[in-house]
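Chain by chain, the residues run as shown.
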Amino acid sequence: MVLSLRDALVPLIVLLIAARYVGNRSKGASKFPLPPGPRGLPLLGTALSIDFTKPWATYVEWGASFGDLIYTRILNMDVLIVNSAKVARDLFELRSTNYADRPRLATVKPYGIESGTIFMPYGDTWRLHRRIYHQALNSEAALNYRPMQLKKAHHMLLNLLDDPKRFPAHLYTYSSSIIVSIVYGYAPAPTNDPLVEFAKKGMAAIVKAARPGTAALLKMFPFLLKLPTWMPGSFKAEAAEAKQYADDFRAIPYQMVKEKIASGTDAPSMMGNAIKHNETKGNSPEVTDAIKNTSSAAYGAGSDTTAFSLQVFILVMVLFPEAQRKAQEEIDCVVGRNRLPNFDDRSSLPYVEALMRESMRWHPVAPLVAHATTNEDVYEGMYIPKGVTILVNSWAIAHDAKTYPEPFQFIPERFLKEDGTLTEDNVSYAFGFGRRVCPGKYAADASLWIAIVSLLASFSFSKEKDEQGNDIDIQPKFTPEATSRPEPFSCRIVARRSASDTKEMVMQHLDQHS
């Protein structure tokens, strides 16, 4: 058996960590103690105590002993973990300036994503990025995208009718087609679009830069990036591939939009509007770079999160059929069976809204979000060092039994008052906190809602059957990446009307809105 580079280096890495580990719980110059937390080993800190298949659950277990703000040391990194909405609001909303930074990951520069908004340090360039996002993605601007989002939802229905087994691919096509339409004014093909497929491959390579284990190893042992690319599992080869995709995805769409502007064939878009505005101001090179970087980052942040949220939705519909039944009854009562839902129906479908919120709560697709401090701070008598990594455990917030009784059950009614109207809890933590809140949350919310209501109106979701006709049980598991999705699962997706009637209805709607 041929070992990969990483497999071969594990024993060496452990020894080197032991040699370099300093093992002190830093208190800086403060007289205040660090927040409480688990005691780590003298060599690796608490790294061996974390279940890296679902680290958010480990941090919840720690919270039972140490509270809602926890200090730990993982390898050579000081880390604070926020396990409650109160602490998150106190730090990221009420003291937002000090908690708007990002950790300095060792993977960011070699993997080519140091100029992207997601990993960018808090400062003037980051604020320029946010202004570009705000102009295109604020609550009023987001309303302009609804006709396009409705059309993409209908294309998604057709794709599912044709090949329901490939539902994850269809959900990704749906989410990414919306993003490229908003950002680039590009109208992708309903399936197998070359730009979407290129971006999908690129994201698969680039997302490796956000893996905590890789970042920690390269921070401690940067020489690993210099080992030859021909070695199996080479970090250098992986980083080079990611950097090439990142560079291409900044340059190629930018050139495409510039050419369309020059020929007068461009459609309204975030990038196109920003380019034209920059031209009126003298074509600032700094703004040009920001336009390229915000656009590529918008795709990276938006395509996966919506697609993965829809995968979670389908999973819970399979696992909790009673909630599916209630939502479909509401749709049939309000919308009827002779047309498909649209955005005008949203306020009349409170149970569907509650179901969407519960789906976002049941498994947040961004279970852990990393921030960093700009300066040291003291919170409730506990010292918070400058530059420390802070992980917001959105999964813990979403599964707080005090806020959400029976948190592992799927209960949309928890978001409804006794009179059937919606509560004020709109699971805002799913979009982040403070100055790093998702700038595209209004468009993302609309994309998610129109997809969910369209899917419920058109299809039923149930467990797959084995050869004897028995249900195949699903044990839900989720990937441990920064953007987490369900592990692959099988299910039955069947049109609620006949397939031909469903296709005819969808085509009629597409013709009406063409």
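Criteria and cut-off values
- Residues numbered from 1 in each chain as written.
- Predicted model: local features only at pLDDT ≥ 70, side-chain atom pairs only at ≥ 80, totals over all residues.
- Heavy atoms only, no water.
- UniProt positions renumbered as here; feature names shortened; annotations may be inferred.
- Helix = DSSP H or I, 4+ residues; strand = E, 2+ residues; numbered from the N terminus.
- Domains from an automatic or database assignment.
- Contact = heavy atoms within 4.5 Å.
- Buried area = accessible area lost by both parts, 1.4 Å probe.
- Salt bridge = Lys/Arg side-chain N within 4 Å of Asp/Glu carboxyl O.
- Pairing = 2+ DSSP bridges.
- Axes fitted to C-alpha atoms, helices over the stretch in contact; angles between N-to-C directions.

Per an unreviewed UniProt entry, the protein chain is named Cytochrome P450, and its organism is Paxillus rubicundulus Ve08.2h10. You can read under Pathway (unreviewed entry) in the UniProt record for the protein chain the words "Secondary metabolite biosynthesis." According to UniProt, the comment filed for the protein chain under the heading Cofactor (unreviewed entry) is "heme".

(A) Expanded view of the UniProt feature "binding site: heme" (unreviewed entry) in the protein chain. Under the feature "binding site: heme" (unreviewed entry), the UniProt entry names C438. Mapping C438 onto the fold places it in the loop between α15 (394-398) and α16 (441-458).

(B) Layout of the domain arrangement of the protein chain. When the domains of the protein chain are assigned, the result is domain 1 (25-114 + 367-399) and domain 2 (115-366 + 400-512). Taken together, the 36 residues of domain 1 in the interface contact 46 residues of domain 2. Interface of domain 1 and domain 2: buried area, both sides summed, is about 3,700 Å²; carbon and sulfur atoms make up 65% of it. Of all residues in domain 1, the largest losses of buried area upon contact with domain 2 belong to Y111, I113 and H399, amounting jointly to 21% of the total for that side. Taken together, the connections running from domain 1 to domain 2 amount to 0 salt bridges.

(C) Broad picture of the sheet that holds strand β6 (residues 389-393). Strand order across the open sheet formed by 4 strands is β1-β2-β6-β3, with mixed pairing between neighbours. Looking at the sheet topology across the chains shown, the edges are occupied by β1 (69-74) and β3 (368-372). Ignoring which end each strand starts from, the neighbouring axes of this sheet average 30° apart. As judged from the 6 bridges shared by β1 and strand β2 (residues 77-82), these two strands associate in the antiparallel manner. Within β2, the position partnered with R73 by the bridge is D78. The strands touched by helix α2 (residues 55-66) within the sheet are β1, β2, β3 and β6, with β1 carrying the most contacts at an inclination of about 125°. Docked against the sheet, helix α3 (residues 85-93) engages β1, β2, β3 and β6, running at close to 120° with respect to β2.

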